[in-house]
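Chains, contacts and geometry: an overview
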Amino acid sequence: MTCASCVASVEDALRGVAGVRAADVNLATERARVEVDPARADDAALVRAVERAGYGALVLAADRAERAATEARERVMRAAYLRTLRRRLVVAAALALPTLVLSMADVLYPAVMRAEWRPYVLFALATPVQLWSALPFYRGALSAARHRRTDMNTLVVVGTTTAYAVSVLATFFGAAFGAIGLDPDRFLYYDTAAVIVTLVLAGRYLEARARARTSDEVRALAALGAKTARVRRPGGAEEDVPIDRLAVGDVVIVRPGEVIAADGLILAGSSAVDEATVTGESIPVEKSSGDEVTGGTQNKTGTFRFRVTRVGGDTLVAQIIRLVEEAQGSKAPIQRLVDRIASIFVPIVFAIAIVSTLAWLIVGPEPRLGYALSAFVAVLIIACPCALGLATPTAIIVGTGRGASRGMLIKSARALESARAIDVVAFDKTGTLTAGRPQVVDYMNCAGIGEDEVIRILASAESRSEHPLATAVVDLAMTKGLALAEPTAFEALPGQGIHAIVEGHDVWIGSAAFAREHGFAQLGDAVVAHHQENGRTVLVGTIDGQPGGILALADTPKAAARDAIAELRRMGLRTLLLSGDARRVAEAVAKDLGIDEVRAEVRPDAKAALVSELQAAGHRVAMVGDGVNDAPALAAADLGIAIGSGTDVAIATADVVLVGGDPRGVPRALRLARATVATIRQNLFWAFIYNVALIPVAAGALYPLTGWLLSPVLAAAAMALSSVTVVTNSLRLRSANIG
């Protein structure tokens, strides 16, 4: 496919197949997404429809191996196409240059201008260009004509053939021109035809090379992954297994420097894992027993064993690729408008070209025919709608690919347009801005023994409890390297605390009231109130009926949360915290992070209602969340952003997924969306300037005022430059500063 008109042709062909509900074709990727009723349409029918429209098609299978084989065939075909295009371009350029020099003989060598052999040499130089180098244009135009359509090839073929045919007539039937008072030498347009073909081929070649780079990030993701995995079999035997034979439940050994073969759960060992290819974060993440690992990431330092939990198309990397490809195949609302314009653009251009030709023939100065032919060819060439068709999809492909490389999965082109207009960002608290689990943030030793010993005894007592607060106390002891003892007795008292016997010590841990009942009668309210005002939960422990220690716990903000909020405020966005937690807890977190407004004690259904309330007030709202309770608000928001570590429901509902769970991904995603939409607008501006604004100039609108008529050669250069400009401008997104 070469232009937006081709897109319309293929879409119409696919939509004409019985059972097809919808069809979207992407010019930049040359992919079609078709929604069908399987009972009424099959792949073969779709391929036949595309072929009848004059194009070829390959079916991308759902099976990973088959899909890889098809994509490999596609790459081979594209490489062959580029080689053929380059050969035709080299021949065209080699012949067009002397054609141009000989045509300008009146400037360089005036004596040659009237030489009798000059027209025949020009014919010999230009004919291979017109009949061989331009052959792809003729094939495309004939195919379109068979299906009663016009496209870019039609414009190029009609324009260059007209110039070439008139030149041939002037060369071999010069006497006929003279008989009607025309100088045949003034109708030699060989240079126009040859140079136009060369410039269009050059533009198409450069465009094809640039378009091949737009999906580099996705291809890099697809290339991730080990080719084999070392599997430990029952009994301890180890063997290297091809990646496609790896199964869920296999135990895989990973050594330093190796790529992790599949998604799984670490059973033994520890290491630092570089997850930059998936999350975009350059700092390796420490992993140990019980932690999840992702296929395609790289082990750095240690050796570990993990049990495979997902393989093939179910792995995180495979899901990321699938989401990105779906986004790249989707169409922004503005692209649908462009496609509608392009479907009628070529016929309108022909009408303008014919009208301008007639105008020159009727009221133009002498030589009228020469001016009319020049205007006819220039209008057809300047209006080729390649740039219009590439303006939006190339930017979307590069933008979504850049997002994927930084751990941001943008699910659709619509999400990019929505993100650009956001002015309020609402956050869930737990798991989104905070770690999602309590941690000990303050400790006061109240016993007559050392601080570490008190923590060890209290943590030992809590080690039998499954409560999140108990886990936080145990984690504190583990970070201090304290060896815990097994309680000889343990009792959980719901709503109050726990009672345990540790190494003969009678230990009670719970609320302040609970501690007062078991040996901490002098515990004052001021200490507890201080922590509670800061949104912390207080645990008080007693040992053998005596005060032990006071622990303040809180769900602490993620390390990057404060930076994320500050960046959003610098972008001029209003921030809002929507939390089901108690007001004092939510307000403490908001104050710590610098969030503008807090809505606390909010039920899940009320979050969606609050989002709707903001929208009714004229705001464009982004909702950031991670849990099932956030799904209604994510769906109601103009832009739903899910933290990748969250629930499947939240991820499925959201428009954007932050794979690594870093809240700094929110401002990055919004910056990327703004940059992508700005690039789309720039592309459309240049495309319309080239394709629309210059049509009157090509038709001769400026001639009465300036005496200047656009040369068809310059028209071809502008048309070729338009496509290259659009694709190159889109590629700038790969280096855009998004934070």
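Look above for the structure.
All figures in this text were calculated on a predicted structure; none of them were measured in a lab.

**Points about the overall build of the protein**
- The number of helices and strands found in the protein is 29 helices and 24 strands.
- Burial status across the protein gives 51% buried among its 739 residues.
- Considering only contacts within the protein whose residues lie at least 6 apart along the sequence, 67% involve residues at least 24 apart.
- Here the protein displays about 32100 Å² of accessible surface, and carbon together with sulfur accounts for 57% of that area.

**Some words on the packing of aromatic side chains**
- Under the criterion given, the structure shown has 10 aromatic pairs.
- Ring centres of Phe-123 and Phe-172 lie 5.1 Å apart, and the angle between their planes is 90 degrees; this geometry places the pair in the edge-to-face category. On the criterion of sequence distance, the pair formed by Phe-123 in helix α6 (residues 118-133) and Phe-172 in helix α8 (residues 152-172) is long-range, its members being 49 residues apart.
- Under the relative-accessibility criterion, Phe-172 is labelled partly exposed at 42%.
- Taken together, the aromatic side chains of Tyr-120, Phe-123, Tyr-164, Phe-172 and Tyr-190 make up a single cluster linked through ring pairs.

**Focus: a nonpolar patch on the surface**
- Among the surface-exposed residues, Ile-354, Leu-358, Leu-361, Ile-362, Val-363 and Leu-369 lie close enough to one another that they form a single nonpolar patch of about 550 Å² accessible area.
- If one sorts the elements of the nonpolar patch by residue count, helix α14 (residues 333-363) sits on top with five residues.
- Structurally, the position occupied by Ile-362 is in helix α14.
- Using a relative accessible area of 59% as the deciding quantity, one classes Ile-362 as exposed.

**A word on the environment of Ala-378**
- Along the chain, Ala-378 falls in helix α15 (residues 368-382).
- In sequence terms Ala-378 and Leu-714 are 336 residues apart; their C-alpha atoms lie 8.3 Å from each other.
- Discounting residues that sit within four places of it in the chain, Ala-378 has contacts with Ala-698, Leu-710, Pro-712 and Ala-715.

**Details of the side chain of Thr-575**
- Considering the arrangement of structural elements, one finds Thr-575 in strand β20 (residues 574-578).
- Overall, Thr-575 belongs to the buried group, its relative accessible area being 0%.
- Filtering out sequence-adjacent residues up to four positions away, Thr-575 remains in contact with Val-425, Ile-565, Leu-568, Gly-594, Ile-595, Asp-596 and Glu-597.

**Section: the sheet that holds strand β10 (residues 298-299)**
- One open sheet accounts for three strands, arranged β8-β7-β10; its pairing is antiparallel. The open sheet terminates on both sides in strands that have one partner only, identified here as β8 (285-287) and β10.
- The pairing of strand β7 (residues 271-274) with β8 spans three bridges and is classified as antiparallel. Within the sheet, the bridge partner assigned to Val-273 lies in β8 and is Val-285.

**Looking at the nonpolar core**
- Among the nonpolar cores identified, the biggest contains 53 residues, and Phe-137, Leu-201, Val-349, Val-379, Leu-380, Ile-382 and Ile-695 are the most heavily contacted of them.
- For this core, the element with the highest residue contribution is helix α10 (residues 190-213), accounting for nine residues.
- Among residues more than four places away in sequence, those in contact with Val-379 are Val-349, Ile-352, Ala-353, Ser-356, Ile-695, Ala-698 and Ala-699.
- Residues Leu-416, Met-571, Leu-593 and Leu-731 belong to the second largest nonpolar core, which totals 50 residues.

**A closer look at helix α2 (residues 43-52)**
- When α2 is considered as a whole, its buried residues turn out to be Ala-45, Leu-46, Val-47, Ala-49 and Val-50.
- The positive-phi residue at the C-terminal boundary of α2 is Gly-54, with phi of around 100 degrees.

**Notes on a positive patch on the surface**
- There is a patch of like positive charges on the surface, built from Arg-83, Arg-86, Arg-87 and Arg-209.
- Structurally, the position occupied by Arg-209 is in helix α10.
- Residue Arg-209 is classed as partly exposed on the basis of its relative accessible area, which comes to 48%.

**Quick notes on the sheet that holds strand β22 (residues 621-625)**
- Spatial ordering of the open sheet is given by β12-β24-β23-β22-β13-β20-β21, a layout of seven strands whose pairing is mixed. Each edge of the open sheet carries a strand with a single partner, namely β12 (408-410) and β21 (597-599). In this sheet, adjacent strand axes meet at a mean angle of 20 degrees when their direction is disregarded.
- Pairing between β12 and strand β24 (residues 656-658): three bridges, direction antiparallel. Its bridge partner being in β24, Met-408 is matched across the sheet by Leu-658.
- Against the sheet, helix α23 (residues 583-593) contacts β20 and β21, and its axis sits at roughly 155 degrees relative to β21.

Analysis parameters
Residues numbered from 1 in each chain as written. Predicted model: local features only at pLDDT ≥ 70, side-chain atom pairs only at ≥ 80, totals over all residues. Heavy atoms only, no water. Helix = DSSP H or I, 4+ residues; strand = E, 2+ residues; numbered from the N terminus. Buried < 20%, exposed > 50% of the residue type's maximum accessible area, 1.4 Å probe, protein only. Contact = heavy atoms within 4.5 Å. Areas by Shrake-Rupley, 256 points an atom, 1.4 Å probe, with all protein chains shown as cover. Phe/Tyr/Trp six-rings, centres within 6.5 Å; stacked < 30°, edge-to-face > 60°. Patch = residues over 30% accessible without salt bridge, like charges linked within 9 Å, V, L, I, M, F, W, Y side chains within 5 Å. Salt bridge = Lys/Arg side-chain N within 4 Å of Asp/Glu carboxyl O. Pairing = 2+ DSSP bridges. Core = buried A, V, L, I, M, F, W, Y, C linked by side-chain atoms within 4.5 Å. Lys, Arg positive; Asp, Glu negative; His and termini not counted. Charge placed at Lys NZ, Arg CZ, Asp CG, Glu CD. Axes fitted to C-alpha atoms, helices over the stretch in contact; angles between N-to-C directions.

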